[in-house]
Amino acid sequence: MYGKGIEGKTRYALNQIIVKDDYRYLVNKATGKIVERLRSYGVFVGEEHERLIRELCSVVTNQWREENRIVVHPGVCGFGKTTAIIELVKILADAFPEMGIVIAVERVADMLRMENELDGRAIPYFSFHADLCLQRLSKYDPRACRECPHFCRKKQARKEHEDYQVLIISHERLRMRALYGEDLGELAYFVDRNGNKRKRSLMLIDEKPQITMNQCLSRNDLSKLREFLIKVDPESPLYSEAKLLEGYIHHINLKVSELNDDYIIADPIDASFQLSDEMKGYFFQAYEGEDFAVLGLLVSFICKGGIVQFTSYRKNQPIPEKIFTADILHPDFDMKIVIFDATATVDRDYQGKRYLILDAPQIRDFSNLTINEHRNINLSRTKLLSNEKPIDPRALLTDVLTDFSGEMLLLTYKDRVGEFRAILDEWQDNNFNCNVNYYGNIKGDNQYANAERVLLYGLNHKPDAYYAAKALSHGIRTEFGTYPFTKIDGRVYQDERLQEIFESEMAADLIQCIMRTKLRKHTKEPVEVYCFIQSNRLMCVLQEYFCGCLTQDWHPFAFCVKHQNNNTRNGQRISELLAYLEKKFGTAEIGTSVEKQVIQRELTTCNGKNTLGTDLKNDLVRIALKRLGVYVGHHKLIKNERGWSHDKDNTNQKQVC
């Protein structure tokens, strides 16, 4: 059994959130519509599931005890959050024509789907979408968009958003508004059927928005910003403010010059600094960079501090390599806000009195999920870049995909996607369908809902400085830059508070990945996860979340053999022993035996040392012996079974082969 997982958060019952259930008719109507639609998709909706939907409708519809709080609904992935939002908004918009509603979603594609489903009640408000660009631009170009003569969907939304009761925006727009300390401005208002201008009063956020601001500012980001500030005319009323910001960039540069390596925690430079509305307006109108968050991030660093990370220093460039801001975005849009986040119960970002997590019942049994874990190989970005132990992804794919004819999702690092796709392109004649994507790119995505296997190649571990910045956001200051690196654990694991933050974020990320599969369908179809997770507590959190799942050790044989065969003597010795056993017993008849002394003499990597007894206890060797049906006697090795390699019906075959 695993140790203690991440400590649970306070959850609130329905009657602790709402004043009273005044709109039972609407709640029942919305619940019925949502349940009916989910069942039409083939989703099983049990009694607890229906109760959870009813409580969601009650929270959204009724008056709250504290209107300035944010309610978080933790329904599991596949619960039907998006469907619930659509059906609920339809009913509320028709019942309360004076109620303006804002829906925030992850991607533009989701916005367009919502618009279509809401049938004329809503308009999407987005900055750019390549498929709808009338100039056929492949990516956002601020200057080209400003000078474009076409009346596109973006310009239509800017002109007509007041005519719609429901406004659909992106998480990115929420982040930008919160980052620059603004409300929704003109987007917060609409004109009702009677011609009265009203303020929108309800916001529904599908999936978790960005709560902690720990984004990295690179040399390139700040260089573009500095070029923008230098161009401010000396006669402009913004000139003094631009020069002040330039000075702050130079101050940050001095912080970097103090470093020989690693990073430091930087205190606020000027906690009272405020960016003027005039500078904001000029920046959004004239800045030609791709990321408009850069100025807000700089101001956040000036006011709140953060992490300055050193990688290399060039005297002719007055900007740092990287800085990580450390701030929490608490948007105050003066409306009821409900966040739909399946991982809220394990995510440490939902802290303090600002958030109320609804006490949701356990509506799923994950007995159809098997998590196969291997702990002896580290697939971190650093290890993969190291030449110490080369990793062979082909061998791993062979282990996982041999005799497999279904659909699999392979998640890895962004820079490894091309490598895996190239390998899979060579295997086009196989019956399986393997989709490759990278961490952080599939949140809320439904296109892998038929996948019955998931291979997690590595974990989405971010730099140490990122977790130090996130700790600062939560009021935790730790000088763990003084901790030494160890062969077993990184520095994050040497600080209990940082470890909890790391594991909380990692658990939320992994849950989102695993739930992209057939688990979304609420059926009993089996789903298998293959992973390389070395943290006991992280595995404990996954077990607690996926109630009833099976976790078991997994040894991808060919992959592990390749990994063992490195420059170390032990690895070479184990690899030679494995090859010997395969040669002697792979196709041998039952009853075949070989004396241990004979094996010891024939192995060339032993250098005269009698290590066979120890080597036969190696995990990989024990798995090979079991697979070959070989029994280890006192003096000899004896084949007394057919072994898994000749037993295609053996259910354990895929666990090791």
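Attention here is on the structure that accompanies the text. (Residues numbered from 1 in each chain as written. Predicted model: local features only at pLDDT ≥ 70, side-chain atom pairs only at ≥ 80, totals over all residues. Heavy atoms only, no water.)

### Focus on the nonpolar core
Now for step 1: Within the largest apolar cluster, 146 residues are counted, with the highest numbers of intra-cluster contacts made by Ile103, Leu369, Leu410, Leu455, Leu456 and Phe546.
Now for step 2: Counting residues per element, this core draws most heavily on helix α17 (residues 496-514), at ten residues.
Now for step 3: Aside from chain neighbours lying at most four places away, what touches leucine 369 is Ile514, Leu519, Val527, Val529, Phe546, Cys549 and Leu550. (Core = buried A, V, L, I, M, F, W, Y, C linked by side-chain atoms within 4.5 Å. Buried < 20%, exposed > 50% of the residue type's maximum accessible area, 1.4 Å probe, protein only. Helix = DSSP H or I, 4+ residues; strand = E, 2+ residues; numbered from the N terminus. Contact = heavy atoms within 4.5 Å.)

### Overview of helix α14 (residues 393-401)
Now for step 1: Counting buried residues in α14 gives seven out of nine residues, a clear majority hidden from the surface.
Now for step 2: Taken together, the buried positions of α14 are occupied by Pro393, Ala395, Leu396, Leu397, Asp399, Val400 and Leu401.
Now for step 3: Taken from the residues just after α14, aspartate 403 is the one with a positive phi, measuring 65°.

### Details of unusual backbone geometry
Now for step 1: Of note, the phi angle at aspartate 119 is positive, near 50°, even though the residue is not glycine.
Now for step 2: Mapped onto the elements of the fold, aspartate 119 is located in the loop between α5 (108-117) and β4 (122-124).
Now for step 3: Relative accessible area serves as the criterion here: at 62%, aspartate 119 is assigned to the exposed category.
Now for step 4: Within the chain, aspartate 334 stands out as a residue other than glycine whose phi angle is a positive 55°.
Now for step 5: Relative to the helices and strands, aspartate 334 resides in the loop between β13 (327-328) and β14 (336-340).

### What about the pairing of strand β17 (residues 407-412)?
Now for step 1: Across the six residues of β17, six count as buried, placing the element largely inside the fold.
Now for step 2: The two faces of β17 match: Glu407, Leu409 and Leu411 on one face and Met408, Leu410 and Thr412 on the other face are all buried.
Now for step 3: Direction of pairing for β17 relative to strand β18 (residues 433-438): parallel, over a ladder of six bridges. Note that in β18 the partner of methionine 408 across the bridge is cysteine 434.
Now for step 4: With four bridges connecting them, β17 and strand β19 (residues 453-456) associate as parallel partners. Bridging across to β19, leucine 411 finds its partner in leucine 456. (Pairing = 2+ DSSP bridges.)

### Remarks on the packing of helix α2 (residues 24-40) against helix α3 (residues 47-61)
Now for step 1: It is the contact of α2 with α3, at a shortest axis distance of 9 Å, that shows an interaxial angle of 135°. Taken together, the axis directions place α2 and α3 in an arrangement best described as oblique. Between α2 and α3 lies a crossing whose hand is right-handed. Judged by residue contacts, Val27, Asn28, Ala30, Thr31, Ile34, Val35, Leu38 and Arg39 of α2 engage His49, Glu50, Ile53, Arg54, Cys57, Ser58 and Thr61 from α3.
Now for step 2: Class assignment of the residues belonging to the contact of α2 with α3 gives a composition of seven nonpolar, five polar and three charged. (Axes fitted to C-alpha atoms, helices over the stretch in contact; angles between N-to-C directions. Parallel < 35°, antiparallel > 145°, perpendicular 65-115°, else oblique. Left-handed = near helix turned anticlockwise from the far one by under 90°. Nonpolar A, V, L, I, M, F, W, Y, C, P; charged D, E, K, R; others polar.)

### What to know about the sheet that holds strand β24 (residues 636-639)
Now for step 1: The strand order across the open sheet formed by three strands is β22-β24-β23, and the pairing between neighbours is antiparallel. Across the chains shown, the open sheet's two edge strands, defined by having one partner strand only, are β22 (593-595) and β23 (630-632). Neighbour-to-neighbour, the strand axes of this sheet turn through a mean angle of 15°, independent of strand direction.
Now for step 2: Relative to β24, β22 runs antiparallel, the two sharing three bridges. Residue pairing across strands places serine 593 opposite isoleucine 638, the latter belonging to β24.

### Description of the packing of aromatic side chains
The way to describe two aromatic rings as a pair is by their centre distance and the angle between their planes.
Now for step 1: A full pass over the atoms with the stated rule returns 21 aromatic pairs.
Now for step 2: For the pair tyrosine 287 and phenylalanine 292, a centre-to-centre distance of 5.7 Å together with 75° between the ring planes defines the contact as edge-to-face.
Now for step 3: Judged by its relative accessible area of 4%, tyrosine 287 is buried.
Now for step 4: Given a relative accessible area of 11%, phenylalanine 292 falls into the buried group.
Now for step 5: Geometrically, the ring pair formed by tyrosine 413 and tyrosine 439 is tilted, given 6.2 Å between the ring centres and 50° between the ring planes. Taken together, the residues span a long stretch of sequence, with tyrosine 413 in the loop between β17 and α15 (417-425) and tyrosine 439 in the loop between β18 and β19 at a distance of 26 residues. (Phe/Tyr/Trp six-rings, centres within 6.5 Å; stacked < 30°, edge-to-face > 60°.)

### Describing the sheet that holds β17
Now for step 1: In spatial order, the strands read β18-β17-β19-β20-β16-β21; together these six strands make up an open sheet with parallel pairing. Looking along the sheet, the strands with just one partner apiece sit at the ends: β18 and β21 (550-553). Direction aside, neighbouring strands of the sheet carry axes that sit 20° apart on average.
Now for step 2: As paired strands, strand β16 (residues 369-373) and β21 are joined by four bridges and run parallel to one another. Each bridged residue has a counterpart across the sheet, and for asparagine 372 the counterpart in β21 is glutamine 552.
Now for step 3: Sheet strands in contact with α15 are β17 and β18, and its direction is about 170° off that of β18.

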